[in-house]
Amino acid sequence: MHGSGTGSEGRPTEECGVDHEFLSLERELAVFLRRARASSGEMAREVHPELEPAAYGLLVRLEETGHQRATELAGYFGVGKATMSRQLRALEDLGLVAREPDPADGRASLVRLTDEGRTRFRRVRDARRERYVRKLAGWDRAEVAELARLLHQLNTRAES
């Protein structure tokens, strides 16, 4: 029999040390992340045919922050400086981002979306949002808000 029952004291039992709620969470997150990676690849190609899937998240972050140092972006995404530098160079080569001197520290530079990058990104983002609206059409708005709240909480705790 799969699933957990309750022990003699009314507490959930664990079979073979497995916590079924967390096992279920792991399974659902694995499916979600697999689909998200595939979707990021599609969206990246919609922004520009040569854009790497991982770079789409950079565009999201730069749209949100306006501009950021490469080291801050690397820290936010949990990647090394070399990886971030390579991804930003590719975005620069495609004309989607530009670097400018950081007024707070002339030795550093800030990365920002170009007008072309912003236009392309927003077009794809808006289309993606419409897909979410269609996929979640049967959901109550409170459920959508609760999902967004829980995902935000998960992301915030993952950062710390």
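The following refers to the structure shown. (Residues numbered from 1 in each chain as written. Predicted model: local features only at pLDDT ≥ 70, side-chain atom pairs only at ≥ 80, totals over all residues. Heavy atoms only, no water.)

Secondary structure assignment for the protein chain yields six helices and three strands. Counting over 160 residues, the protein chain shows a buried share of 22%. As displayed, the protein chain has an accessible area near 11,300 Å², and 53% of this comes from carbon and sulfur atoms. (Helix = DSSP H or I, 4+ residues; strand = E, 2+ residues; numbered from the N terminus. Buried < 20%, exposed > 50% of the residue type's maximum accessible area, 1.4 Å probe, protein only. Areas by Shrake-Rupley, 256 points an atom, 1.4 Å probe, with all protein chains shown as cover.)

The next point concerns the pattern of salt bridges. When the charged atoms of two side chains with opposite charge come close together, those side chains can pair. Per the counting criterion, the structure on display carries 15 salt bridges. Of the charged contacts in the structure, one is a salt bridge between E64 and R61, with a shortest N-O distance of 2.8 Å. In this pair, E64 and R61 both sit in helix α2 (residues 53–65), three residues apart, roughly one turn of the helix. With relative accessibility at 14%, the residue R61 sits in the buried group. (Salt bridge = Lys/Arg side-chain N within 4 Å of Asp/Glu carboxyl O.)

With that out of the way, let us pick up the packing of α2 against helix α5 (residues 115–135). Put simply, α2 and α5 touch, their axes get as near as 11 Å, and they point 100 degrees apart. Compared by their axis directions, α2 and α5 come out roughly perpendicular. Residues Y56, L59, V60 and E63 of α2 pack against R118, F121, R122, V124, R125 and R128 of α5. Looking at side-chain class alone, the contact of α2 with α5 contains five nonpolar, no polar and five charged residues. (Axes fitted to C-alpha atoms, helices over the stretch in contact; angles between N-to-C directions. Parallel < 35°, antiparallel > 145°, perpendicular 65-115°, else oblique. Contact = heavy atoms within 4.5 Å. Nonpolar A, V, L, I, M, F, W, Y, C, P; charged D, E, K, R; others polar.)

The three strands lie next to each other as β1-β3-β2, forming an open sheet whose pairing is antiparallel. Two strands bound the open sheet, and with one partner strand each, they are β1 (67–69) and β2 (97–102). Between one strand axis and the next, the sheet turns by 35 degrees as a mean value, whatever way the strands run. Set on the sheet, helix α3 (residues 70–77) makes contact with β1, β2 and β3 (105–113); between it and β1 the angle comes to about 90 degrees. This element, helix α4 (residues 81–93), spans β2 and β3 of the sheet and lies at about 115 degrees to β2. (Pairing = 2+ DSSP bridges.)

Residues W139, V144, L147, L151 and L154 make up a contiguous nonpolar surface patch of about 390 Å² in total accessible area. Within the element layout of this structure, V144 appears in helix α6 (residues 141–159). (Patch = residues over 30% accessible without salt bridge, like charges linked within 9 Å, V, L, I, M, F, W, Y side chains within 5 Å.)

A word on the pairing of β2. As judged from the six bridges shared by β2 and β3, these two strands associate in the antiparallel manner. Paired with R99 across the two strands is V111, which belongs to β3. The turn joining β2 and β3, which pair antiparallel and follow one another in sequence, is formed by two residues.

As a further point, take the side chain of R125. Among the structural elements, R125 can be located in helix α5. You can call R125 buried: its relative accessible area is 17%. Discounting residues that sit within four places of it in the chain, R125 has contacts with Y56 and E63.

On to α6, then. Taking 1.5 Å per residue, 19 residues should reach 27 Å; α6 reaches 27 Å between its end C-alpha atoms and fits that length. Where α6 begins, the capping side chain belongs to D140, and its oxygen is found 2.7 Å from the backbone nitrogen of A142. (Expected span 1.5 Å × (residues − 1). Polar contact = N/O pair within 3.5 Å; in protein donor to acceptor, adjacent residues only side chain to side chain.)

Here the focus is the nonpolar core. Judged by nonpolar contacts, the single largest core of 21 residues is most densely connected at L51, L59 and L91. Elements represented by at least two residues in this core include exactly α1 (20–47), α2, α3, α4, β3 and α5. The greatest single-element share of this core, amounting to five residues, is contributed by α2. With sequence-adjacent residues up to four places away left out, L59 is seen in contact with V47, L51, L91, V97, L113 and F121. (Core = buried A, V, L, I, M, F, W, Y, C linked by side-chain atoms within 4.5 Å.)

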